[in-house]
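What follows is each chain in one-letter form.
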Amino acid sequence: MGIYSIIDNRAWNSLKLVTDQFNAFTTVTRTDINRIELDAEKIGIKTMYSSYKVMNKWMGRVYIFKWHCFIEDSASPHNQTIKLQYRGKLFGEKIPEFTSKHELATKLNKDAEIMKICKAIDFEKLELSYSKRDNGWNIEIWPNYGDFIWMLIPPVRYFRKPNDVEIQQTIQLVQRFRDVFTS
Amino acid sequence: MGDLKLNRTLGFWAAYSASVGLVVSGTAMVVLGNGYGIGGPAFSIIALISLFIILSVALSYSEMAAMIPGAGMVGEYTLPALGKLPAIFAVLAGYIVLVGTDGGTNMIVGGQSFETLTGVPWYIAVIVILIFLSAINLLGVSVFGKVQSVLAISMMALLGIVGLLGLLGIGTQEQLATAPPFSPITWKEQMGTLGIAIWLYIGMEFVAPLAEEIKNPGRNIPLAMLFGCFTIWLVDLLFGLGVTKYIALDELAASTIPHVDGAAAMLGNTGLVLMGIVSIIAAITTCDTYLAAVPRMLYGLAKEGLLPKAFAYLHPKTRTPWVGIFTVIGLTMIVLVYAFANNANIDFVTTMISVACSTWLMSYIITQVDVLILRKKYPNAHRPFKTPLYPLPQIVGIVACVYMIYTLYVDFTVLKISAIVIAILIALSIAYLKGTGQKLFQPVPLEKVFEGIQKRSELDEAYTSESTNSK
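### Considerations on the confidence of the model for chain A
No. 1: Averaged over every residue, the pLDDT of chain A is 89; residues scoring 70 or more account for 98%.
No. 2: Least confident of the elements in chain A is strand S10 (residues 156-159) of chain A, whose mean pLDDT is 80; most confident is strand S2 (residues 35-38) of chain A, at 96.

What follows is the structure in structure tokens.
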């Protein structure tokens, strides 16, 4: 067992700790290496799991926390991708905006609840992709909590659990997406 | 992987690999080559003494990391022992100064290697690399994955192989007509290099935070560190003794990239190219690590209210923590601008390494004092690892660190830069604590520290339940 597997174990433990924080809403059903599945049906969607995107560095590693969700929807006629982008001036107010050629993005942009959450939580990435083959939406969320950072020089490991508001808002966001898609 | 809890699953070899896995950097190579250049083959003895000193320090780190397994490391150990001001100072002195000085100095070493290989002035290479790294980190693009293990292993292996080839005289250039003296300087002067020799083992205390996962930590941690450092010492010894047969000590002592020059003297152009390329990549990736990791950490700490809110700022479009990234760039630039003004000679590089060493050693002293205070204050607290022969390693460690700081401060420039850096750190810490209405020296109860760790990091329930009754 080398140094990276030791650090990886630490990171997987942190992934579990962050995911367990959501037990007020749902429960963990399966734990694999770098993938922790939740009972998504409890929150009204098809699947939901957490994982880390690992960035290797020489003197350290950065593990970026990600959520993956799948929401069933057979109504959309074609494949499409909607991305969340932020606009705004440097050091000014940030304005979240969903961008896509398709009109669903406009609908999301007009949704006050979604906009409020996107302003409150710093998302590094939020992407919604519709797959006609799977009849549903794959959602990838990179919130700015749960990241695990490890550096050798100076020796530091760091990770931040989400707070109660962030936990609630994450679940609320996913459920709101479901409502918008199926309405 | 059914159970993700931190179990004691790691044996001796895992602890060993954590200890030596990456104890190598461009600046460590400079210290190695420069140390042998100044002290001759006798530098091996100084390196061995500093090995035992860092071992004493690492035992304290192991005890603290096992007792208070918080992500805040030395900052978290110091809160219940000495209070908030020493805690912030220990973190800033130990980590932030290190990032600033090591980041910039590594870039210079990489730039000088580039200049030797291509003839392009070092500062142009450094500026181009820094702009490139800053841009990719500001834009949130990830590169350089998967290079780290190859680099670390190749650097250590190259050193060992080059040293061995040199000692055996296989495939090498002509040896020097006369062998260098064993110790070209007095032993008193040799002892003066002790402070900087500790840099050879930088990062080896990383095994300490793994104390909870290591089987029989009382045996395996000290053994892994001892054996790990001994291996590093052995590789360094091979390189040092090998290289001094081929290159004049004066030349080695005066070089900004002695490891590259030494390899070139021994293996000709092959040695130059091999060691040069490794040094350049090492410099780039070290700086990239700092730019990727430190700003994220600062972002998280700011979100928790432990740092000014500005660090939690994300650029609206790129979603990267620009304030943190510019802070790291700024820290690196201070060293680079100073180097440019002072022609980045070996005196400058060793001065910056010495400044980092001195503040890093202060952070070590604080950790050892933490062990002494917490043993007295919380004698029954849950300690998965206890320092053997307590308090001897702590006393030896503190005395040695004080002595090493003294040897570094004999150089007035090091003293002057350190004093400025320390004054700035203390002033900023006091301003922040006073501004947020916090007491400077009032220790935080251990239970409160555990509560904090539990809220934002990882901690077993066992700690809090045991600690409450431990006082």
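Let's pick the thread back up.
### With respect to the nonpolar core
No. 1: Phe98, Leu126 and Phe177 of chain A are the most contacted members of the largest nonpolar core, which has 206 residues in total.
No. 2: Residues in contact with Leu126 of chain A, not counting those within four places in the same chain, are Ile82, Lys83, Leu84, Phe98, Cys118, Ile139, Glu140, Ile141, Leu173 and Phe177 of chain A.

### Looking at the pattern of salt bridges
No. 1: Under the definition given, this model contains 20 salt bridges over all chains.
No. 2: Put simply, Arg296 of chain B and Asp147 of chain A hold a salt bridge, and the shortest N to O gap is 2.9 Å. You can see Arg296 of chain B sitting in helix H13 (residues 269-303) and its partner Asp147 of chain A sitting in the loop between strand S8 (136-143) and strand S9 (148-151), one on each of two chains.
No. 3: Classification of Asp147 of chain A by relative accessible area gives buried; the value is 9%.
No. 4: Look at the salt bridges and you will find they share partners, linking Asp111, Glu113, Arg176, Arg178 and Asp179 of chain A into a network.

### A word on empty space enclosed by the protein
No. 1: Scanning the model with the defined rule gives one cavity of 30 Å³ or more in all.
No. 2: Quantified by volume, the largest cavity comes out at close to 120 Å³.
No. 3: As for the largest cavity, its lining consists of 14 residues, of which Asn144 and Asp147 of chain A together with Arg296, Tyr299 and Gly300 of chain B are closest to the centre.
No. 4: Each residue belonging to the lining of the largest cavity can be placed in one class, and the counts come to six nonpolar, three polar and five charged.

### Notes on the side chain of Thr367 of chain B
All names here are of chain B.
No. 1: Along the chain, Thr367 turns up in helix H15 (residues 346-377).
No. 2: Thr367 sits in the buried class, given a relative accessible area of 0%.
No. 3: Ignoring sequence-local partners within four residues, the contact set of Thr367 consists of Ser60, Tyr61, Met64, Val74 and Tyr77.

### As for the pairing of strand S4 (residues 60-72) of chain A
Along any regular strand, the residues point their side chains to alternate faces of the sheet.
All names here are of chain A.
No. 1: Within S4, twelve of the 13 residues are buried, which leaves the element mostly enclosed by the surrounding structure.
No. 2: Two strands pair when backbone bridges link them, and strand S3 (residues 47-56) and S4 are joined in this way by ten bridges, in the antiparallel orientation. Bridge pairing in S4 links Tyr52 to Phe65.
No. 3: Relative to S9, S4 runs antiparallel, the two being bridged by four bridges. Within the sheet, the bridge partner assigned to Val62 lies in S9 and is Ile149.

Calculation notes
Residues numbered from 1 in each chain as written. Chains lettered and ligands numbered in written order. Predicted model: local features only at pLDDT ≥ 70, side-chain atom pairs only at ≥ 80, totals over all residues. Heavy atoms only, no water. pLDDT = per-residue confidence, 0-100. Helix = DSSP H or I, 4+ residues; strand = E, 2+ residues; numbered from the N terminus. Core = buried A, V, L, I, M, F, W, Y, C linked by side-chain atoms within 4.5 Å. Buried < 20%, exposed > 50% of the residue type's maximum accessible area, 1.4 Å probe, protein only. Contact = heavy atoms within 4.5 Å. Salt bridge = Lys/Arg side-chain N within 4 Å of Asp/Glu carboxyl O. 1 Å grid on protein atoms, 1.4 Å probe; cavity = no way out; pocket = protein on both sides within 12 Å on 5 of 7 lines; lining within 4 Å. Points joined across faces, edges and corners; volume = space filled by probe spheres on them. Nonpolar A, V, L, I, M, F, W, Y, C, P; charged D, E, K, R; others polar. Pairing = 2+ DSSP bridges.

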